[in-house]
Amino acid sequence: MSHFSYQDGVLHAESTSLPAIADQFGTPTYVYSKAALLANFASYADACAGRDALICYAMKANSNLAILDLLAREGAGFDIVSGGELLRVLAAGGDPRKVIFSGVGKTVDEIRLALSHDILCFNVESIPELHRINQVAGEMGKTAPVSLRVNPNVDAKTHPYIATGLKANKFGVAFDDALDTYRAAASLPHLQVVGIDCHIGSQLLDDAPLLEALDKVIELIDTLAAEGLTIHHLDMGGGIGINYGEAGEAEPVPVGDYLRRVFARIDAWRAEKYDGKPIKVAFEPGRSIVGDTGLLLTRVEFLKPGTEKNFCIVDAAMNDLMRPALYQAWMAVQPVVPHAGETVTYDVVGPVCESGDWLARERALAVNAGDLLAVMQAGAYGLTMSSNYNTRGRAAEVMVDGDKVHLIRKRENPADLFALESVIK
Ligand SMILES: *Cc1c(COP(=O)(O)O)cnc(C)c1O
């Protein structure tokens, strides 16, 4: 069920009308549905019920404290990619012992911060990183729990900017080097090898590449076991895609179906090789938790007809929502109050001084200046990727809960944007 629907000809988030939100909070504003968020998390949690499994929300998709808090209360852990994200988890009341730290370039300070909060594990992506973590842990008198992020060299068949599991990508330890890298990790005194991780890409609609990666990971765990190296948890990464509503787009695999296939494969393997002894399983979903829970509400400033193209100029821009400019991503644009009138094909663009500043291209819309539009499925990689380009304050964020609206991030005040700057005296 969609939590965004037309009621009496007006687009609503749950039972709150979007024009009411625009009146109260202005535009552009990100609008999220709490019910949608909890339903998406439940699709993972329900499939994991009764198992030793951990759902570590990949918070780079949307790291607002309100979202982290709601998910933490549902039992979520977090997949972080910076020390800043760990501070967000702590500020939201999340449990650092359910935090997995991913990323290719962890700094000494970030490693120290993570160790001081006893996170669940570091997903390590190279041998120099193993040495750095070992060194910092030694200085702190600690043992660092580590997993290796292995690169299974499977093609996720997604946009090249969000494919991460091929040899040509910067991520992970090459599959052929994994055994040696595990041996290196096991030999370092301040590390404890606890797991294995892979994350092959994002916006995967089919789970076949994920299951192929799982088979390779299983093979590696068996090889390690034969050397006496026990892996305690297997982390499948994230990557399940969502429906953006483009014509001809394939349907994403339902989360429950994917998890059931993962567990079926794992259970059969454990029964065959390990007398049925279970292994802890982790997932790092981002987009599939938040992507369809939010939209970007924007207002039409001007219509600008042209001989080659017609432009619908709105008050949201590439700095607010970067996916179209960055990945040529297609995002649905819906009128908040559809009305009769001439339908014209527009490029929906923002006010930023770049030709790449567009939100949608070639869309048939019946719109007037002053109308509200909603850019749908904007809950993931929206606000978190936004910038202050053109000294534009970031959009406000609100969370709808039925007929209640909570402001969860104030609109940025342009004066704050240069408050850290100074002229040379
Ligand atoms: C981005 C990322 C994720 C989440 O990916 P989604 O496609 O949003 O589910 C998970 N794990 C790692 C390591 C990531 O970098």
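Everything quoted here is computed from the prediction, not taken from an experiment.

The rules we used
Residues numbered from 1 in each chain as written. Predicted model: local features only at pLDDT ≥ 70, side-chain atom pairs only at ≥ 80, totals over all residues. Heavy atoms only, no water. Core = buried A, V, L, I, M, F, W, Y, C linked by side-chain atoms within 4.5 Å. Buried < 20%, exposed > 50% of the residue type's maximum accessible area, 1.4 Å probe, protein only. Helix = DSSP H or I, 4+ residues; strand = E, 2+ residues; numbered from the N terminus. Domains from an automatic or database assignment. Salt bridge = Lys/Arg side-chain N within 4 Å of Asp/Glu carboxyl O. Contact = heavy atoms within 4.5 Å. Buried area = accessible area lost by both parts, 1.4 Å probe. Nonpolar A, V, L, I, M, F, W, Y, C, P; charged D, E, K, R; others polar. UniProt positions renumbered as here; feature names shortened; annotations may be inferred. Near = heavy atom within 4 Å. Polar contact = N/O pair within 3.5 Å; in protein donor to acceptor, adjacent residues only side chain to side chain. Areas by Shrake-Rupley, 256 points an atom, 1.4 Å probe, with all protein chains shown as cover.

Q: Give me the lowdown on the nonpolar core, citing residues and values where you can.
A: Of all hydrophobic cores here, the largest spans 104 residues; its most connected members are Tyr57, Phe122 and Leu234. The element that contributes the greatest number of residues to this core is helix H8 (residues 208–226), accounting for 9 residues. Composition of this core by domain shows at least three residues from each of domain 1 (4–31 + 291–417) and domain 2 (103–283). Residues Leu11, Leu18, Val398 and Val400 belong to the second largest nonpolar core, which totals 17 residues.

Q: Give me the lowdown on the pattern of salt bridges, citing residues and values where you can.
A: Considering all chains together, one arrives at 21 salt bridges under this definition. With its nearest N and O atoms 2.9 Å apart, the salt bridge here joins Asp180 to Arg183. Linking Asp180 with Arg183, this pair stays in helix H7 (residues 178–187), spanning 3 residues, or about one helical turn. With relative accessibility at 48%, the residue Asp180 sits in the partly exposed group. Overlapping salt bridges bring together Asp109, Arg112 and Glu139 as one network.

Q: Before we move on, could you go through the domain arrangement of the protein and cite the residues and values that matter?
A: For the protein, the domain assignment lists domain 1 (4–31 + 291–417) and domain 2 (103–283). Each of domain 1 and domain 2 was reduced to a C-alpha centroid, and the two centroids are 36 Å apart. Contacts between the two partners involve 10 residues from domain 1 and, on the opposite side, 8 residues from domain 2. When the buried surface of domain 1 facing domain 2 is broken down by residue, Tyr327, Trp330 and Gln377 rank first, second and third, together holding 62% of it. Remark: the boundary between domain 1 and domain 2 carries 0 salt bridges. Residues that form the side of domain 1 that touches domain 2 fall into these classes: 5 nonpolar, 3 polar and 2 charged.

Q: Break down the UniProt feature "binding site: pyridoxal 5'-phosphate" (unreviewed entry) in the protein for me, with residues and values.
A: UniProt tags Gly239, Glu284, Pro285, Gly286, Arg287 and Tyr381 as "binding site: pyridoxal 5'-phosphate" (unreviewed entry). By secondary structure assignment, the location of Glu284 is in the loop between strand E13 (280–283) and helix H10 (287–290). When neighbours within four sequence positions are excluded, Glu284 is seen to be in contact with Cys56, Ala58, Asp79, Ile100, Ser102, Asn123, Asp197, His199, Asp235, Gly237 and Gly238. Mapped onto the elements of the fold, Tyr381 is located in the loop between strand E19 (372–375) and strand E20 (396–401). Each residue touching Tyr381, except ones within four places of it in the same chain, is listed here: Lys60, Ala61, Arg287, Leu321 and Arg323.

Q: So what about the site of the ligand? Which residues, and what values?
A: In the vicinity of the ligand there are 14 residues, among which Lys60, Ser202, Glu284, Arg287 and Tyr381 approach most closely. In the model, a nitrogen atom of the ligand is placed 3.5 Å from a nitrogen or oxygen of the His199 side chain. Between the ligand and the protein, one listed contact pairs an oxygen atom with a side-chain N or O atom of Ser202 at 2.3 Å. Calculation on the ligand without its partners gives an accessible area of 390 Å², and the protein chains cover 94% of this total. Grouping the amino acids of the shell around the ligand by side-chain chemistry returns 3 nonpolar, 6 polar and 5 charged.

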